[in-house]
Amino acid sequence: GAGVSQSPSNKVTEKGKDVELRCDPISGHTALYWYRQRLGQGLEFLIYFQGNSAPDKSGLPSDRFSAERTGESVSTLTIQRTQQEDSAVYLCASSLVARGTYEQYFGPGTRLTVT
Amino acid sequence: TQLLEQSPQFLSIQEGENLTVYCNSSSVFSSLQWYRQEPGEGPVLLVTVVTGGEVKKLKRLTFQFGDARKDSSLHITAAQPGDTGLYLCAGDETSGSRLTFGEGTQLTVNP
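This is a predicted model, so every value here is computed, not measured.

A. Layout of a nonpolar patch on the surface. Nonpolar side chains collect at one region of the surface, where A:L96, A:V97 and A:Y102 lie side by side and expose about 260 Å² of accessible area between them. Mapped onto the elements of the fold, A:V97 is located in the loop between β9 (88–95) and β10 (105–106).

Here it is in structure tokens:
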């Protein structure tokens, strides 16, 4: 497809389990971003990639969160030992270059529920 | 981290009414973007404003960037039910690549 895709669309997991969320950016987009959105709230920046390097990881809320990216392609966000407060929609976006003024194209998100 | 405050948080109006959503910060942004998000989808960019005092129009939507580049507004004329959604402003931090998002304004336009 032409847009950003994310999988799974929904994930229900038990507290303490690890989860992996996947993002497929638009082909050719060098920059990739992960955000977290709690119900009815704005977007919380987590991490961004320029190519496969992550110049800014400052938004990751704890060391249970990590992300990696293969080249200028797929990225995975991993949450270890999930907690109930991790429940949220995790959004991925990509853009041509890593500049805030460039349009970020968002995927539909993964809704994570930790029970 | 620069903060963006949006107001109102919730807005419910009748079709045909006008409305304004505000986005304010104590910090200066090099640019500011407005997004619209519908349930179950990611945000979609509506406009980017860069110059202080800039006004951009998109059909019935008018966006303004404050002279000091600290605030912005979104005005919708003759709102329609299709305008319903979460409106988010996002500022470009002057030295970085991330966007700082406001908490959003949930707009409901009733037929």
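B. Representation of unusual backbone geometry in the model. A cis amide bond links A:S7 with the next residue in sequence, A:P8, at an omega value of -10°. In this structure, B:P8 follows B:S7 across a cis peptide bond, with omega equal to -10°. Assignment of secondary structure puts B:P8 in the loop between β1 (5–7) and β2 (10–14). Non-glycine residue B:K59 carries a positive phi angle of around 55°.

C. Expanded view of the pattern of salt bridges. In total, this model carries eight salt bridges over all chains according to the counting rule given. With a shortest N-O distance of 3.0 Å, A:R36 and A:E44 are connected by a salt bridge. For A:R36, a relative accessible area of 4% translates into the label buried. The partner of B:R36 in a salt bridge is B:E38, and the shortest N-O contact between them spans 3.1 Å. When its relative accessible area of 34% is taken as the criterion, B:E38 is described as partly exposed. A network of salt bridges, in which partner residues are shared, links A:R36, A:R38 and A:E44.

Conventions used here
Residues numbered from 1 in each chain as written. Chains lettered and ligands numbered in written order. Predicted model: local features only at pLDDT ≥ 70, side-chain atom pairs only at ≥ 80, totals over all residues. Heavy atoms only, no water. Patch = residues over 30% accessible without salt bridge, like charges linked within 9 Å, V, L, I, M, F, W, Y side chains within 5 Å. Areas by Shrake-Rupley, 256 points an atom, 1.4 Å probe, with all protein chains shown as cover. Salt bridge = Lys/Arg side-chain N within 4 Å of Asp/Glu carboxyl O. Helix = DSSP H or I, 4+ residues; strand = E, 2+ residues; numbered from the N terminus. Buried < 20%, exposed > 50% of the residue type's maximum accessible area, 1.4 Å probe, protein only.

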